[in-house]
Every structure is written in C-alpha cells, then in structure tokens.
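# Notes for the structure review
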Amino acid sequence: MPAITAPDFDAFYRDHANWLAVWLRRHARCGHRAADLAQDTFCRLLERPDLSMPDNPRRYLATVARRLLIDDSRRQASERAFLEAYCLLLDGEEAPSPERVAMAVAELAALARLLEELPPKPRRAFLLNRLDGLSYAEISAELGVSVSMVKQYLARALAHCYRAAYGPDAA
Amino acid sequence: MKGGEPTAAMVEQAAAWHVRVGEADHDETALDQWLRADPRHRLAFDRMTGILDRIGRQPALERKALDMMFRRPQQQPRDRRPLAGAALAVLLLAGIGGWQWPALKPHMADERSAVGELRQVTLSDRSQLVLSSDTALDVALEAGARRIDLLAGEVMAEVAPDPAAPFTIVTPEMTAQALGTRYSVRREAGTTLVTVLESKVLACARALANQCVTLLPGQRARIGTAGITRLPDIDPALADAWTQGWLAVEDWPLSDLLAELNRWRARPVRYDPAALAGLRVSGHYPLNDTDRALAALAASLPVMLDRGNPESPVIRRR
C-alpha cells in the first residue's frame, strides 16, 4: 500500500471531514467538543506508524473518533468527580490550581479505564477493599454475599485491571 | 524478554494469590514456590502489586473522587420528586429524635417472634403483618403517618389503603414507603433487603438523604450505608412462600438454603460451605419443621445428616 502524501491527505480530508463532523456532533452532543475531536481524529491518522491510507476510511475514522470520545468522557467524568470531591473535603478553600486539576484528571482517568468495565459488584468489593481497607468479612456483610464470593470478586477485579493495563487492548 | 508475557491462566493465578495474601493465615512458602516456578508468575504478580500500590497511594481527594465515580449505585430513577418529600420528612423526624439502636431494643419491641415462629399480626388500621423467625418491630399508627420500625428479622406487610396516612417501614439503613402494597423488608448483616410483591414501594437510603428507588412487583433492592443496590428480580410467588410457612427456592446453592433454614432453627445445623460448593437445590421446604427439610435434603442430594450430637446436627457430603 502506498504511503500517505500531502495531496492524498488533503483529498482524504475533503472527502470525509464533513461526514466525521456530523458523526461526532451526533455522538458528542456539543459542537465545540465535536470540532476538537474531529481535529484530533485526523491528527491520529497522520501519527499512524504504517503511513498508508486505511482501506475503509470511514470505519477507521469512526473507530478512532469513538475511542477519543470515550477518553474525553472519562476525563470529563474524572474532572467533575475531582471538583466535587474538592468541594466536599475542602469546602471554603481556594479553588484548586489548574495544574492540580490536570494531575488529578490524568490519574483518575487512567484508573477509571482499568475499573470502568468491571461489573458493579466486583468493582464495589475491590474499592471497599482498596479505598476503605475493609476486610473480606466486612465486604461480605456489606454486599450480602459469602466471603468466598468476595474473594472471587476481588480476584476477578484484579485480573481485569491487569488485562486493562497490560492486555492486548492496553493503550 | 526472558519468559515472555504471562498467560491468561497465570494472570488469574496471580490475582488469586494477591487475594490470599490479604488473609491473615496465608501460606508464604507456597506463594514463594509459585513465584519461583516461572519468571512470568513473578511478572504478573509484581505488576498487580504495582496496580494496587497506584490505587493505594492516591491522595484523599483522588480517593474520594474515585469513590464518587464508581461506588455510588448508578442510574437512580428521576421520577421520584413528588414522593421524596414525604420520605425525607420521615427521615428528618428520625434524625432529629437522635435515634439510637441499643442492642437490647428488640427485647422491648411491640411485636416479636421467637426463633422458628411464624407470626401474623393485624394492626388497628387492618394492615396485616407476617413476622418471620426471630423478628422484632415497633408499631406507631397515627392519623397522618403509619410507621413500622423493623429492629431485627424480616416482615411482610400487606398494607390497608389510606391515602391520608403513608405507611413506612424504617430500619437504620433505609425507609421503604408503601404506595398501597404488599412488600417485605428484611434486616441482614448491616443492610436491609426490600422485596415488592404488589404495587409499588419507594425505598430511600437513610445515609444518602436524596437517594431513592421505586420498586415494582418482583423487584428487590439491598440498602446499606453505601447506598442502594438493585438485585435480580424474583418471582413474587416464591418470594412470599415463607409467609405460608414454606421456603421456596429455585436453583440455590445448598449452603445458602442451609443458612436460611438456620434462621428458623434454635439449634442450627452445621456445615462447611466449601465442602458443599457446587450442590444446588430447588424445591419447597417446610419452615415449621426444618428437621424434615434437612431429612429431605439428605434423601435427594449426595449429603448425609449426622445427628450424632442432637444439639448440633451436621450436614456433610457423602
């Protein structure tokens, strides 16, 4: 397959930019966000290591755009949660610095990616154990399941986090 | 890299080892042997340690944020506004009263049942209550509000309609307000389980004043200090069999069934859940004669009932 040349890319952009903008507006529900993500999507295409045009351009663009949209939603949710936590724990203090927020969002989004696809019960068991330091017996009482089920939940959660971080789909 | 990437099975094993390490009496030598057996074991195990450390070293703000992102049960119904006020009022009243739950309270309860007893009570408003084994509750019927404080055990309520006086069952964890209905409320290890048989119930967590869920027939929710968890739906016909003196189960683990029967037994049957793992049961078991239920289990499953010590019978695998 031939490598991308500048004219190729211009043509590619002309052919698909409008289509992608419409696709993103439908999925992002916010014009500004859709425009930013459209730019990012085309940038990803240029950053690809194999430098060839994708066989099915629109499917490729939609795949990349969907992933960017998910990353973006995760960052937004992380930011919202961090600011809420800040209000709750440090009520009356000055607002956090942009650097502090950016640091928290990066870290929270990374952890959210590990945890988000876990079923609710294993995830709750895992968080009760790791964030609150609850024993297996305490988690069993809290969730109303047996201790051996709690252990299964925890092992499942940990293996899931591992696969999300190191598995074939790891970013 | 020497050894390469851990296989899927090694990842599962490493996770199981991490869970075992969390127990006081884990076998350090066995872990050490496992880690030495293959460099990929150690790689998977160490990477998991890294993930756990990364979560563990988060500052308080990040921990709270993670908690808010994932811990709260999601998707609360939005159509609860008009009703939330009433339940909230009950909550506030309870809060102002500085409610206490001393351990002795069940003994002074208005209504209580002994272990193994199934008791029916008709209230002055003609609502019917069925108390399960070892249950205690207080009743307060007033012109503008009817309130049951469930102190221990489980109660099924068949509510006499009275639009002017909402009917609410209250536990330390939650309030469950009938919207003209039959429903049961059960206390269990620091949580409360609500099951609806007819009509609707508005259940609200007391820890989170604005968190409520509306439950329809067959729907169940468990409410604890961390919030509301919806459980899989249940067949209403099975859910209320106990009020007729039967425990109706479908494809339950045997150990769960024995735990439930023990709630009805003054002399609990002993068993080892691990040894009984994999045995599942369906059927109707008499609650007024749980010895007979145990004999039926021994006759139909690969288990035996050991009555060597009549004070504490034992079920074990044959």
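Quick caveat: nothing in here was measured; it's all calculated off a predicted structure. Just so you know, the residues in each chain are numbered from 1, in the order the chain's sequence is written. Lettering for chains starts from A, numbering for ligands starts from 1, and both go in the order in which the items are written. In keeping with the model being predicted, local features are shown solely for residues with a pLDDT of at least 70 and side-chain atom pairs are shown and tallied solely at 80 or more, while totals for entire chains, interfaces and linings include all residues. For the side-chain quantities, the full set of heavy atoms in the structure was used; hydrogens and water were omitted.

Once that is clear, we can look at the state of the cysteines. One covalent bond between the sulfur atoms of two cysteine residues makes up a disulfide. Residues and elements named next belong to chain B. Criterion for a disulfide: a pair of cysteine sulfur atoms within 2.5 Å. Enumeration over the complete set of coordinates arrives at one disulfide over all chains. The side chain of Cys204 participates in a disulfide bridge whose partner is Cys212; the two sulfur atoms lie 2.1 Å from each other. The chirality of the disulfide connecting Cys204 with Cys212 is right-handed, given an S-S dihedral of about 105 degrees. In this structure Cys204 comes out as buried when scored by relative accessible area, which is 0%. Whether a residue is buried, partly exposed or exposed follows from its accessible area with a 1.4 Å probe, protein chains only, as a fraction of its type maximum: under 20%, in between, or over 50%, in that order.

A word on the pattern of salt bridges. The salt bridge definition used is simple: a Lys or Arg side-chain nitrogen within 4 Å of an Asp or Glu carboxyl oxygen. Applying the stated criterion across every chain, the model contains 31 salt bridges over all chains. Notably, a salt bridge pairs A:Glu116 with A:Arg74, separated by 2.5 Å at the nearest N-O pair. Taken together, the positions of A:Glu116 in the loop between α4 (98-115) and α5 (120-130) and A:Arg74 in helix α3 (residues 57-89) put the pair 42 residues apart, joining distant regions of the chain. The exposure class assigned to A:Glu116 is partly exposed, which follows from its relative accessible area of 28%. Linking B:Asp289 and B:Arg292 is a salt bridge whose minimum nitrogen-to-oxygen distance equals 3.5 Å. The structure contains a network of salt bridges with shared partners spanning B:Glu154, B:Arg186, B:Glu188, B:Arg222, B:Glu260 and B:Arg263. Per the convention used, a helix needs a DSSP run of H or I reaching at least four residues, while a strand needs a run of E reaching at least two, with both numbered from the N terminus.

Residue and element names in this part refer to chain A. In summary, the pairing rule links any two rings of Phe, Tyr or Trp, Trp by its six-membered ring, whose centres are within 6.5 Å, and it sorts them by plane angle into stacked for under 30 degrees, edge-to-face for over 60 and tilted for everything else. Within this structure, the stated rule accounts for three aromatic pairs over all chains. Aromatic pair Phe82 and Tyr86: ring centres 6.3 Å apart, planes at 50 degrees, arrangement tilted. You can see Phe82 and its partner Tyr86 sitting in helix α3, four residues apart, about one turn around the helix. Aromatic pair Tyr162 and Tyr166: ring centres 5.1 Å apart, planes at 40 degrees, arrangement tilted.

This paragraph deals with the interface of chain B and chain A. Note on contacts: a residue pair qualifies if any of its non-hydrogen atoms lie within 4.5 Å across the two residues. Facing 40 residues of chain B, the contacting portion of chain A comprises 45 residues. Note on terms: buried area is the combined drop in 1.4 Å-probe accessible area of two parts once they are placed together, counting the loss on both. Both faces considered, chain B and chain A share a buried interface measuring about 3900 Å² in area, 69% of it formed by carbon and sulfur atoms. Applying the counting criterion to the chain B and chain A interface returns four salt bridges. Note that B:Glu23 is salt-bridged to A:Lys151, the shortest N-O span being 2.6 Å. Pairing of N or O atoms within 3.5 Å defines a polar contact, subject to two protein rules: one partner must be a possible hydrogen donor and the other a possible acceptor, and residues neighboring in sequence count only if both atoms are side-chain atoms. For the interface between chain B and chain A, the tally reads nine residue pairs in polar contact (both at pLDDT 80 or more). Elements supplying a minimum of two residues to the side of chain B that touches chain A: α1 (8-21), α3 (39-56), α4 (60-70) and β14 (227-231) of chain B. The dominant element in the side of chain B that touches chain A, judged by the number of residues it contributes, is α4(B), at eleven residues. The residue makeup of the side of chain B that touches chain A, split by class, is 21 nonpolar, seven polar and twelve charged. The residue classification treats Ala, Val, Leu, Ile, Met, Phe, Trp, Tyr, Cys and Pro as nonpolar and Asp, Glu, Lys and Arg as charged. All others, Gly included, are polar.

All names here are of chain B. On strand β7 (residues 167-170), burial covers both faces: Phe167 and Ile169 on one face and Thr168 and Val170 on the other are all buried. Here, any two strands with at least 2 DSSP bridges between them count as paired. Sheet analysis places strand β5 (residues 146-152) next to β7, joined by four bridges and oriented parallel. Looking at the pairing, Asp149 lines up with Val170 of β7. Bridge count between β7 and strand β8 (residues 174-178): four bridges; the pairing is antiparallel. The partner of Thr168 across the bridge, within β8, is Gln177.

All names here are of chain B. Mapped onto the elements, Gly144 comes out in the loop between β4 (136-141) and β5. When the C-alpha atoms of Gly144 and Pro163 are compared, they prove to be 9.4 Å apart, with 19 residues separating the residues in sequence. With residues near it in sequence (within four places) discarded, Gly144 still touches Ala164, Ala165 and Pro166.

So, about the side chain of B:Gln219. Residues and elements named next belong to chain B. By the secondary structure assignment, Gln219 is in the loop between β12 (212-215) and β13 (220-224). For Gln219, a relative accessible area of 14% gives the class buried. From its side chain, Gln219 meets the backbone nitrogen of Leu216 in a polar contact 2.7 Å long. Not counting the four nearest positions on each side in its chain, Gln219 is found in contact with Val194, Thr195, Val196, Thr214, Arg230 and Asp233.

All right, on to α3(B) then. One less than the number of residues in a helix, times 1.5 Å, gives the span that helix is expected to have. Helix length check: α3(B), at 18 residues, gives a terminal C-alpha distance of 25 Å against a target of 26 Å (1.5 Å per residue), a fit within 8%. Inspection of α3(B) places B:His41, B:Ala44, B:Phe45, B:Arg47, B:Met48, B:Ile51, B:Leu52 and B:Ile55 among the buried residues, and these make up the whole buried set. On an axial view of α3(B), the arc spanned by its buried residues comes to 160 degrees, and they lie on one face. Looking at the buried positions of α3(B), the neighbouring elements they touch are α4, α5 and α7 (147-166) of chain A together with α1, α2 (28-37) and α4 of chain B. Between the side-chain oxygen of the N-cap and the backbone nitrogen of B:Arg40 there are 2.8 Å, and the N-cap of α3(B) in question is B:Asp38. The directions considered for the arc are those from the helix axis to the C-beta atoms.

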